[in-house]
Amino acid sequence: MKKVLIISASPRKGGNSDTLCNKFMFGAREAGHEVEKVFLRDKNINSCVGCGLCTTNDYTACSQKDDMEEILQKMLTANVIVMATPVYFYAISGQMKTFIDRCCSRYTKLTNKEFYFIATAADPNREALENTFNDFRGFTSCLEGAVEKGCIYGCGVWAKDDITRTQLLDEAYHMGLSV
Ligand SMILES: Cc1cc2nc3c(=O)[nH]c(=O)nc-3n(C[C@H](O)[C@H](O)[C@H](O)COP(=O)(O)O)c2cc1C
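Enquirer: Account for the overall build of the protein, with residues named and values stated.
Expert: A count of helices and strands for the protein gives six helices and five strands. Ordered by position from N to C terminus, the α and β elements of the protein give β-α-β-α-α-β-α-β-α-β-α. For 179 residues, the compact-globule estimate of 2.2 N^0.38 gives 16 Å, and the protein sits close to it at 16 Å. When its C-alpha atoms are laid out on the principal axes, the protein stretches across 50 × 35 × 25 Å.

Enquirer: Break down the pattern of salt bridges for me, with residues and values.
Expert: Following the criterion strictly, the structure yields 13 salt bridges and no others. The partner of D18 in a salt bridge is K37, with the nearest N and O atoms 2.8 Å apart. Here the residue D18 occupies a position in helix α1 (residues 16–30), and K37 occupies one in strand β2 (residues 34–39), the gap between them amounting to 19 residues. A residue is classified by how much of its surface remains accessible, and D18, at 2% relative accessible area, is buried. We classify K37 as partly exposed; its relative accessible area is 24%. For K43, the salt bridge identified is with E70, shortest N-O distance 3.2 Å. Of this pair, K43 sits in the loop between β2 and α2 (53–56) while E70 sits in helix α3 (residues 68–77), and the two are 27 residues apart along the sequence. The class of K43 is partly exposed, set by a relative accessible area of 27%. Looking at E70, the relative accessible area reads 36%, which means it is partly exposed. Salt bridges sharing common partners tie together E130, R137 and E148.

Enquirer: Break down the sheet that holds strand β1 (residues 3–8) for me, with residues and values.
Expert: Taken in spatial order, the five strands of this open sheet run β2-β1-β3-β4-β5, and their pairing is parallel. The two strands at the open ends of the sheet, each matched to only one other strand, are β2 and β5 (147–154). Between one strand and the next, the sheet's axes are offset by a mean angle of 15°, whatever the strand orientation. Where strand β3 (residues 80–86) meets strand β4 (residues 114–120), seven bridges bridge the pair, whose relative direction is parallel.

Enquirer: Pulling in residues and values, what's your account of the pairing of β5?
Expert: Pairing of β4 with β5, which is carried by seven bridges, proceeds in the parallel orientation. Counterpart to T120 in the pairing with β5 is G154. Note on the crossover from β4 through helix α5 (residues 130–140) to β5: the handedness is right-handed.

Enquirer: Describe the site of the ligand, listing the residues and the values that go with them.
Expert: Close to the ligand lie 16 residues; S10, N16, S17, V87 and V157 are nearest. A distance of 2.8 Å is found between an oxygen atom of the ligand and a backbone nitrogen or oxygen belonging to N16. At a separation of 2.8 Å, an oxygen atom of the ligand approaches a polar backbone atom of D123. Out of a free accessible area of 650 Å², the ligand has 83% covered by protein chains. Partitioned by chemical class, the residues of the shell around the ligand number nine nonpolar, five polar and two charged.

Enquirer: I'd like to hear about unusual backbone geometry, residue by residue, with values.
Expert: Phi is positive for Y59, which is not a glycine, with a value near 55°. As for its position among the elements, Y59 is in the loop between α2 and α3. Unlike most non-glycine residues, Y90 shows phi in positive territory, near 55°. Taking relative accessible area as the criterion, Y90 reaches 42% and is therefore assigned partly exposed.

Enquirer: Account for α5, naming residues and giving values.
Expert: Among the residues of α5, T132, F133, F136, F139 and T140 are the ones counted as buried. Burial along α5 is one-sided: seen end-on, the buried residues are contained in an arc of 105°. Tucked inside the fold, the buried residues of α5 contact α3, β3, α4 (94–102), β4 and β5.

Conventions and cut-offs
Residues numbered from 1 in each chain as written. Predicted model: local features only at pLDDT ≥ 70, side-chain atom pairs only at ≥ 80, totals over all residues. Heavy atoms only, no water. Helix = DSSP H or I, 4+ residues; strand = E, 2+ residues; numbered from the N terminus. Rg over C-alpha atoms; globule rule 2.2 N^0.38 Å. Salt bridge = Lys/Arg side-chain N within 4 Å of Asp/Glu carboxyl O. Buried < 20%, exposed > 50% of the residue type's maximum accessible area, 1.4 Å probe, protein only. Pairing = 2+ DSSP bridges. Axes fitted to C-alpha atoms, helices over the stretch in contact; angles between N-to-C directions. Right-handed = clockwise from strand over helix to strand, strands pointing away. Near = heavy atom within 4 Å. Polar contact = N/O pair within 3.5 Å; in protein donor to acceptor, adjacent residues only side chain to side chain. Areas by Shrake-Rupley, 256 points an atom, 1.4 Å probe, with all protein chains shown as cover. Nonpolar A, V, L, I, M, F, W, Y, C, P; charged D, E, K, R; others polar. Arc of directions from axis to C-beta. Contact = heavy atoms within 4.5 Å.

Right, dumping it as structure tokens:
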């Protein structure tokens with residue numbers, strides 16, 4: 001059994017990327033894994049202020065006291081981390097970027113994790129999502145032993161429930177099942 005943590009970073013709860021997260025979660029639970037989803041908009045996460053305190057305490061603490069500490073603890077114990085975002089101007093959402101920056105206070109401890117990436121966009125072309133996946137890869141390239149296990153290209157979905165008319169729900173479910 002693995003511990004799976006899903007980070008859902010759309011401002012729209014029940015939107016396309018969040019729905020894919022739910023399908024992934026159902027699949028992974030069906031496979032017997034322990035799965036938890038964090039919806040970032042429900043959390044109070046301030047921007048990194050670049051104070052550098054974490055660099056002086058061997059990445060064990062942050063100067064800011066908000067909900068990030070609780071999420072970092074979940075990340076530290078997870079074997080698998082799923083990161084999901086809507087595509088905003090061909091990049092990750094602001095919520096996801098703020099979250100990633102705040103991982104600075106523990107990033108050297110986030111070792112040997114498996115990663116899955118989910119992105120949804122109105123653009124119907126898969127290549128259009130590559131820049132967004134590269135944003136995720138910029139983060140994971142800084143983590144020792146990080147392994148990218150899969151990506152879901154949620155192309156051609158604009159309105160909140162467009163995703164329900166696609167095969168992507170099945171793909172997310174099966175990806176979760178195969179964790
Ligand atoms: C601020 C904003 C910027 C967007 N930028 C893009 C974009 O650059 N390319 C694109 O294909 N879709 C873009 N979209 C559309 C969203 O990516 C699309 O609606 C996606 O399905 C949203 O995912 P969600 O339902 O999980 O929030 C944008 C939407 C918003 C609100």
